Amino acid sequence: MCMSGSATSCEECLLIHPSCAWCAQEDFGRGRSLTSRCDFSQNLLKRGCDKHFIEYPTSSINVLQNIPLSSKGSGSTQYDVVQIMPQKISLSLRPGDQTWFSLQVRQVEDYPVDLYYLMDLSLSMKDDLDTIRNLGTKLAHEMGKLTSNFRLGFGSFVDKNMSPFSYMAPKYQENPCDGYKLFPNCVPSFGFRHILSLTDKVDRFNEEVQKQMVSRNRDAPEGGFDAILQAAVCKEKIGWRKEAFHLLVFATDDVPHLALDGRLGGLVHPHDGQCHLNDNNEYSASTKMDYPSLALLGEKLSENNIFLIFAVTKRLYVIYKSIRSKVELSVWDHPEDLSLSFTATCQDGNPLPGLRKCADLKIGDTVSFNVSVEARSCPPRGTDRRFTIKPVGFKDRLEVAVDYECDCGCSRNAQNNSIICSSIGTYNCGTCQCEPGYLGARCECQEGETSNMFLSACRESEGKQICSGRGECSCNQCLCYESEFGKIYGSFCECDDFSCARHKGILCSGHGECHCGECKCHAGYIGDNCNCSTETSGCISDDGQMCSGRGSCVCGRCQCTEPGAFGETCEKCPTCPDACGTKRECIECRLFNSGRLADNETCQRQCKDRIITVETLKTDEPGAVLCLYKTDDDCVMKFTYSEHASGQSILSALKEPECVRGPDALMVLVAVVGSILLVGLLLLAAWKLVITIHDRREFARFQSARSRARYEMASNPLYKHPISTHFVETDFSMYSKSYNGGLH
């Protein structure tokens, strides 16, 4: 690899590959017809180069400031709170050599917070003004749950006080609402007015809000961007603390005017991004400059570490918790010749290549990031390169100073017109750099001289073309032709910087350098033509998983491996076993503001599906999956999940869960007792009926027997008289007389 480039100087050798080394020993390779001083260091040692003559600079890191992370934000040490470690480092980079350093970020507990409330006081906001009369007390109470050091400020805006944005007729100067029946009295229009600097006195905030009255402008958009920029850049008047967390709450009911809208009123000067508050704390350049652009607005907000929140009051506490639950790194003043790639290690401990943010954190959690730095080229000598890595919204930052290892140490001992170079060249790092018109290892030849001996030295091997057919042999060396496509180089003109693989017609996809037919990819890209990105941020789904847990990230894009999964991050999968469970959380937070996603303000970010509420759920639609789950109050919620042809997920859900009321215990008891009594009565009635039928049958039998009897009704055949009479025949022979009589 190193010898293929056939570098002619130590500096050229270092640029070929970070593994290449250069031998500056004078007699290295003497006796050979051709040798290369550029090779791997171990090969140079084997070939006889002394170790102290080998030039092999490497990248290095030096930590300049490394104060430990703080654990608490408020108190006597709040001005020295440290949330990023280290704070300063210096890098010494060799081109092409990837170097890693790590940093840690922690959002400390009880961190001071400055909150500036920016209120739209146009006429359409009159109802909302009543809502925030006691806003200070509510905010202080809610924010007190997160920090003991909280300050409030207040400002208001309407729009530019000029036509066509406001009413300019004389009768509207003092009262723009003149003639407006619904609200006949209001204050004159103004651009932006700073009312209360940041203070911990909540009563002052409430008092100032009580004094406010609405105004009236002509068109629907407001001048909110003017107000946001002034609130961001007028740091002294607003009272932003350097050591505090900055929140700017922007409350309006309509879209703001954008840059170039000012041309409607003849304002052609773009906004200069400076503070223009006068002695009355009013925006004095409102009628002199155009509205600020989104780019300028974003730059100034980032520069002053301000989080802009477009939110209503009741959600502010939740939104602040959401902001404080994530850490995202940003890079400032990124040099173009440096490639940076990030690997985040969040609370689960798993490294996430290509990701520079962590979410769902708790206050006090520590996350770490590994940063890979690679220099693609060497800048001009004396160039100072610096960049800053900064967590979004933090005052803390990591400052990185960069130095380039592009020069060889032996170059400091270069000898002009050295006798080694026949006094017509410079001896530098073991080689002669000849004056124009001279060639050879010792500048011993003049251009144009040639011989058969020289020609053999210009062939890579026997039978091959002289100088690969892309140059001329002169004095034992190949002089390569110039090409309109790029540079031809090498000992035998065998290399160039334009014969590498292309992607969509672009050499090395624009993400690498072509060296002798091979693409040397920049950091963050791989592949034969460097078209494959190692960045994985595009593969992270809304729930923070890589490809929703249903695929792998290849070249910066998700390749879904779960059957039925599709979408940019494999987030769509109606047939997956967990599809109903995933969509259930969206149903809960979007329709009922409940469930896991309701508290950390990730509902809108993760649940972008279209939800349709219906009275009756249709389950026979093709491609729709029926899902149901049991709610906390034992009701059943039903919904269907399907994918529209446009790629949007459709969730059709019942307006309310189906609830079946449980049985009443008293009614059950009454029913059971009543049933027992009823059964008893029925059994008793049946027994009585059987006995009655039996008695009647016996009586009928008696009557039948009686009718068949042959005795008189007056006598009882069963009665027997107690006196019975019997007749006995006797025969007496006394006196030979016979008697026939009875005996009693």
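Residues numbered from 1 in each chain as written. Predicted model: local features only at pLDDT ≥ 70, side-chain atom pairs only at ≥ 80, totals over all residues. Heavy atoms only, no water.

- The chain is annotated in an unreviewed UniProt entry as Integrin beta from Neolamprologus brichardi.
- Quoted verbatim from the Sequence similarities (unreviewed entry) heading of the UniProt record, the comment on the chain is "Belongs to the integrin beta chain family."
- As stated in UniProt under Subcellular location (unreviewed entry), the record for the chain gives "Cell membrane". (UniProt positions renumbered as here; feature names shortened; annotations may be inferred.)

## Re the overall build of the chain
In step 1: If you tally the helices and strands in the chain, you get 13 helices and 39 strands.
In step 2: Burial status across the chain gives 41% buried among its 744 residues.
In step 3: Long-range pairs, those at least 24 residues apart, make up 61% of the contacts in the chain between residues at least 6 apart in sequence.
In step 4: In the structure as shown, the chain presents an accessible area of about 41500 Å², 52% of it carried by carbon and sulfur atoms. (Helix = DSSP H or I, 4+ residues; strand = E, 2+ residues; numbered from the N terminus. Buried < 20%, exposed > 50% of the residue type's maximum accessible area, 1.4 Å probe, protein only. Contact = heavy atoms within 4.5 Å. Areas by Shrake-Rupley, 256 points an atom, 1.4 Å probe, with all protein chains shown as cover.)

## Brief notes about the packing of aromatic side chains
In step 1: According to the stated counting rule, one finds nine aromatic pairs in the structure shown.
In step 2: Between phenylalanine 245 and phenylalanine 307, the ring centres sit 5.4 Å apart and the planes meet at 20°, which makes this aromatic pair stacked. Taken together, the residues phenylalanine 245 in strand β11 (residues 245–251) and phenylalanine 307 in strand β12 (residues 306–310) connect sequence positions 62 residues apart.
In step 3: Residue classification places phenylalanine 245 among the buried residues on the basis of a relative accessible area of 2%.
In step 4: Positioned above the aromatic ring of tyrosine 291 is the side chain of lysine 160, whose terminal nitrogen or guanidinium carbon lies 4.6 Å from the ring centre. (Phe/Tyr/Trp six-rings, centres within 6.5 Å; stacked < 30°, edge-to-face > 60°. Lys NZ or Arg CZ within 6 Å of the ring centre and 35° of its normal.)

## Comments concerning a nonpolar patch on the surface
In step 1: Side chains of Leu666, Leu669, Val670, Val673 and Leu677 sit close together on the surface and give an oily, nonpolar patch of about 490 Å² of accessible area.
In step 2: In this fold, leucine 666 is placed in helix α13 (residues 665–707). (Patch = residues over 30% accessible without salt bridge, like charges linked within 9 Å, V, L, I, M, F, W, Y side chains within 5 Å. Salt bridge = Lys/Arg side-chain N within 4 Å of Asp/Glu carboxyl O.)

## Overview of the environment of asparagine 416
In step 1: Structurally, the position occupied by asparagine 416 is in the loop between β19 (398–404) and β20 (425–428).
In step 2: For the pair formed by asparagine 416 and threonine 426, sequence separation is 10 residues and the distance between their alpha carbons is 4.3 Å.
In step 3: Beyond its immediate chain neighbours, meaning those up to four positions away, asparagine 416 contacts Gly425 and Thr426.
In step 4: Of note is the side chain of asparagine 416, whose polar atom sits 3.2 Å from the side chain of threonine 426. (Polar contact = N/O pair within 3.5 Å; in protein donor to acceptor, adjacent residues only side chain to side chain.)

## Some details on the pattern of salt bridges
Pairs can form between side chains of opposite charge once their charged atoms are near each other.
In step 1: Going through the model one piece at a time under the given rule, you end up with 14 salt bridges.
In step 2: Between arginine 47 and aspartate 39 there is a salt bridge, with its nearest N and O atoms 3.0 Å apart.
In step 3: Relative accessible area serves as the criterion here: at 6%, aspartate 39 is assigned to the buried category.
In step 4: For the salt bridge of lysine 160 with aspartate 226, the shortest nitrogen-to-oxygen distance reads 2.9 Å. Here lysine 160, found in the loop between β9 (150–157) and β10 (192–199), pairs with aspartate 226, found in helix α6 (residues 224–233); they are 66 residues apart in sequence, far enough to count as distant. Like lysine 160, the residue aspartate 226 is buried in the burial classification.
In step 5: Beyond isolated ion pairs, a larger network of salt bridges with shared partners links Arg204, Glu207, Glu208 and Lys211.

## Focus: the state of the cysteines
In step 1: With the rule as written, the count across this model stands at 19 disulfides.
In step 2: Here cysteine 23 is linked by a disulfide to cysteine 49, with a sulfur-sulfur distance of 2.0 Å. Across the S-S bond linking cysteine 23 and cysteine 49, the dihedral sits near 95°, which makes this disulfide right-handed. Taken as a pair, cysteine 23 in strand β1 (residues 20–23) and cysteine 49 in the loop between α2 (41–46) and β3 (54–55) lie far apart in primary sequence, 26 residues in all. (Disulfide = S-S within 2.5 Å.)

## What to know about empty space enclosed by the protein
In step 1: For the structure shown, the criterion picks out one cavity of 30 Å³ or more.
In step 2: Residue lining of the largest cavity: Gln83, Tyr111, Ala244, Phe245, Gly393, Phe394 and Lys395, and that is the complete set.
In step 3: Here the lining of the largest cavity is built from residues that sort into four nonpolar, two polar and one charged. (1 Å grid on protein atoms, 1.4 Å probe; cavity = no way out; pocket = protein on both sides within 12 Å on 5 of 7 lines; lining within 4 Å. Points joined across faces, edges and corners; volume = space filled by probe spheres on them. Nonpolar A, V, L, I, M, F, W, Y, C, P; charged D, E, K, R; others polar.)

## Quick word on the nonpolar core
In step 1: If you look at the biggest cluster of nonpolar residues, it comprises 32 residues, and the most contacted ones within it are Phe101, Leu103, Val105, Phe369 and Ile389.
In step 2: Of all the secondary-structure elements, those providing two or more residues to this core are β6 (88–93), β7 (99–106), β13 (327–332), β14 (338–345), β17 (366–375), β18 (385–391) and β19.
In step 3: Beyond its immediate chain neighbours, meaning those up to four positions away, leucine 103 contacts Ile84, Met85, Pro86, Leu329, Val367, Ser368, Phe369, Val371, Ile389 and Leu398. (Core = buried A, V, L, I, M, F, W, Y, C linked by side-chain atoms within 4.5 Å.)

## So, helix α8 (residues 294–303)
Along an α-helix, residues three or four apart share an orientation, since each turn contains 3.6 residues.
In step 1: Every buried residue of α8 is listed here: Leu296, Leu297, Lys300 and Leu301. Take α8 and look down its axis: the buried residues cluster within an arc of 130°, on one side only. Away from the buried face of α8 by more than 90 degrees, exposed residues Leu294 and Ala295 are located.
In step 2: In the stretch just after α8, asparagine 305 is the one whose phi turns positive, near 55°. (Arc of directions from axis to C-beta.)

## Let's talk about the pairing of β13
In step 1: One ladder, built from two bridges, connects β13 with strand β16 (residues 357–358); its direction is antiparallel. Along β16, the bridge assignment pairs valine 327 with cysteine 358.
In step 2: Pairing between β13 and β18: four bridges, direction antiparallel. Each residue of the ladder has a partner; that of serine 330, found in β18, is lysine 390. (Pairing = 2+ DSSP bridges.)

## Quick word on the side chain of serine 59
In step 1: Topologically, serine 59 is positioned in the loop between β3 and β4 (60–65).
In step 2: Within the structure, the side chain of serine 59 is placed 2.9 Å from the backbone nitrogen of arginine 94, a separation counted as a polar contact.
In step 3: A polar contact is formed between the side chain of serine 59 and the side chain of aspartate 97, at a distance of 3.1 Å.
In step 4: Filtering out sequence-adjacent residues up to four positions away, serine 59 remains in contact with Ser92, Leu93, Arg94, Asp97 and Thr99.

## Focus: the sheet that holds β9
In step 1: The strand order β10-β9-β8-β11-β12 describes an open sheet built from five strands, whose pairing is mixed. Strand pairing shows two members of the sheet lacking a second neighbour, β10 and β12, which therefore form its edges. The average angle at which neighbouring strand axes cross in this sheet is 15°, direction not considered.
In step 2: Strand contacts of α6: β8 (113–120), β9, β10, β11 and β12, with the helix running at about 165° to β11, the strand carrying the most contacts. (Axes fitted to C-alpha atoms, helices over the stretch in contact; angles between N-to-C directions.)

## Things to note about the confidence of the model for the chain
In step 1: On average, the chain scores 81 in pLDDT, and the residues at 70 or more come to 86%.
In step 2: A low-confidence stretch, residues 312–317 stays under pLDDT 50, and its non-local contacts, those more than four residues away or across chains, total 14 contacts.
In step 3: The model gives residues 734–744 a pLDDT under 50, and that stretch makes seven contacts with residues more than four places away or in other chains. (pLDDT = per-residue confidence, 0-100.)

## As for the packing of α6 against α8
In step 1: At a closest axis distance of 9 Å, the pairing of α6 and α8 adopts a crossing angle of 25°. One element, α6, and the other, α8, form an angle in the roughly parallel class. The hand of the α6/α8 crossing is left-handed. Contact residues: α6 offers Phe225, Ile228, Leu229, Ala232 and Val233, while α8 offers Leu294, Leu296, Leu297, Lys300 and Leu301.
In step 2: Here the contact of α6 with α8 is built from residues that sort into nine nonpolar, no polar and one charged. (Parallel < 35°, antiparallel > 145°, perpendicular 65-115°, else oblique. Left-handed = near helix turned anticlockwise from the far one by under 90°.)

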